[in-house]
Amino acid sequence: MAADRTFCLRDVVLPDGRTGQDVFVEAGRIAAVGPRLAVPDGVPSLDGGGWLLSPPFVDAHFHMDATLSHGLPRVNASGTLLEGIALWGELKPLLTQQALVDRALAYCDWAVAKGLLAIRTHVDVCDDRLLAVEALLHVKRTVAPYLDLQLVAFPQDGVLRSPTALANLKRALDLGVDVVGGIPHFERSMAQGAESVRVLCELAADRGLPVDMHCDESDDPLSRHIETLAAETVRLGLQGRVTGSHLTSMHSMDNYYASKLIPLIAEARVHVVANPLINITLQGRHDTYPKRRGMTRVPELLAAGVNVGFGHDCVMDPWYSLGSGDMLEVAHMGLHVAQMTSQAQMRACFDAVTRNNAAVLGLDGYGLEPGCHADMVLLQARDPVEAIRLRATRLLVVRDGRVVARTAPAVATLDLPGRPAAVDWTLRR
């Protein structure tokens, strides 16, 4: 590929269904998109093979300070959210900055290989040393050429419940952390939870920063801090800059209350991020049968015009022993949990790990239109639904006009009498 990050990718399918498209990249930006583009002499061409070209995957909710720490200092025996929080509390005094950096950089490598080029990660500020904050600020600078990393100042133990949390959170913002976080349902009372939302939103408004709160990650239908978050968003003029993550209590609320709440969220233009893999794993743990699904009301929120994204949340940490950084796995689980099985709904789940999450992060120049950054992923699939079904191979990952990862096509060679020599899992319509 040319050193000036100029090339033409020929014959791709776009997520909106256009086929036989070429994408001309010039100096790291998309210059033109269309069929059989004429480009200047000497511009290298890459064969897209009729495969799906997508903007990069985006993860709007992750915990990179805890990632790849599974089994340290022990395994979560119950598999519950609260034991995970307790286990993280046991691990924090044992953390070293270098170990945090090493694990985070290893995960960033996984992410890039999977076409995941932007991540918003929450970082715990309740350790007075701010080891994790300093480590992830270093990681952010290191990976900047190939991955956008946003940091959320997250008071895991409660910004009012933990004596030094608010001061530490402000110190983290002073060091360069990007987003104000919170966890109102983990405060000591409902009243303190509501107060924490007000305090943190006012802090964000004063500093001109976005807000992203773990909100109502509970099976309790009376955990309603999202209502306060929406109200504070409107009061302080923060529309479009606030995210409510998890909102799992909504799966337990009665329909009458939800019919009031969802329009409030839409009016406030609060983004919502569900975390399908983790929500379905951690919620409903106190149920016998029937067991609640544990994820917020994604179809209803989308129908109301709310921007809904999906996050990975955890990979091999105190809360979740699985995960690989594959946002198509996240979309696949979200599709099933929310029963979003129409063609349009399945495509919406693809959007939830691409453009919807990009809107949560406020990414500039994201997409496949002329003028956008030349960040893209070539997937071994013919459309977004097929990409989710197959968790499609990432044939090429391009960042700023440079190929940063390649994977050989997935092909199974058979040795069966009277049958084809290879299997093609895609359906060529």
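Scroll up for the structure.
Scope of this entry: the structure provided in the associated data block. Nothing here was measured: the structure is a model prediction, and the numbers come from that model. (Residues numbered from 1 in each chain as written. Predicted model: local features only at pLDDT ≥ 70, side-chain atom pairs only at ≥ 80, totals over all residues. Heavy atoms only, no water.)

This part is about the environment of T142. Along the chain, T142 falls in helix α3 (residues 131-143). Along the backbone, T142 and L105 are 37 residues apart, and their C-alpha atoms lie at a distance of 8.6 Å. At 2.9 Å, the side chain of T142 and the backbone oxygen of H138 are in polar contact. (Helix = DSSP H or I, 4+ residues; strand = E, 2+ residues; numbered from the N terminus. Polar contact = N/O pair within 3.5 Å; in protein donor to acceptor, adjacent residues only side chain to side chain.)

A separate point is helix α1 (residues 81-91). Restricting attention to buried positions, one finds in α1 the residues L81, E83, G84, I85, L87, W88 and L91. Tucked into the core, α1 has its buried residues touching β7 (116-124) and α8 (276-282). (Buried < 20%, exposed > 50% of the residue type's maximum accessible area, 1.4 Å probe, protein only. Contact = heavy atoms within 4.5 Å.)

With that settled, consider the sheet that holds strand β1 (residues 7-12). Taken in spatial order, the four strands line up as β3-β2-β1-β4 in an open sheet, and their pairing is mixed. Every other strand in the sheet has two partners, leaving β3 (29-34) and β4 (45-47) as the edge strands with one partner each. Strand-to-strand twist across the sheet, computed as the mean angle between neighbouring axes with direction ignored, equals 20°. Here five bridges tie strand β2 (residues 21-26) to β3, and the two strands are oriented antiparallel to one another. (Pairing = 2+ DSSP bridges. Axes fitted to C-alpha atoms, helices over the stretch in contact; angles between N-to-C directions.)

What follows covers the pattern of salt bridges. Per the counting criterion, the structure on display carries 21 salt bridges. A salt bridge links D22 to R10; the shortest N-O distance between them is 2.7 Å. With D22 in strand β2 and R10 in strand β1, this pair connects stretches of sequence that are twelve residues apart. Across the pair E386 and R389 runs a salt bridge whose closest N-O atoms are separated by 3.8 Å. (Salt bridge = Lys/Arg side-chain N within 4 Å of Asp/Glu carboxyl O.)

To continue, consider unusual backbone geometry. L72 connects to P73 through a cis peptide bond whose omega is -15°. Mapped onto the elements, P73 comes out in the loop between β6 (57-62) and α1. Here the residue pair Y289 and P290 is connected by a cis peptide bond, since its omega of 0° sits within 30 degrees of zero. Along the chain, P290 falls in the loop between α8 and α9 (298-303). One non-glycine residue, R269, lies in positive phi territory at about 55°.

Attention now moves to the environment of A153. Mapped onto the fold, A153 is located in strand β8 (residues 148-154). The class of A153 is buried, set by a relative accessible area of 0%. The spatial distance from the C-alpha of A153 to the C-alpha of A172 is 6.5 Å, given a sequence separation of 19 residues. Apart from residues lying up to four places away in sequence, A153 is in contact with V123, V125, L169, A172, L173, V177, V179, V180 and G181.

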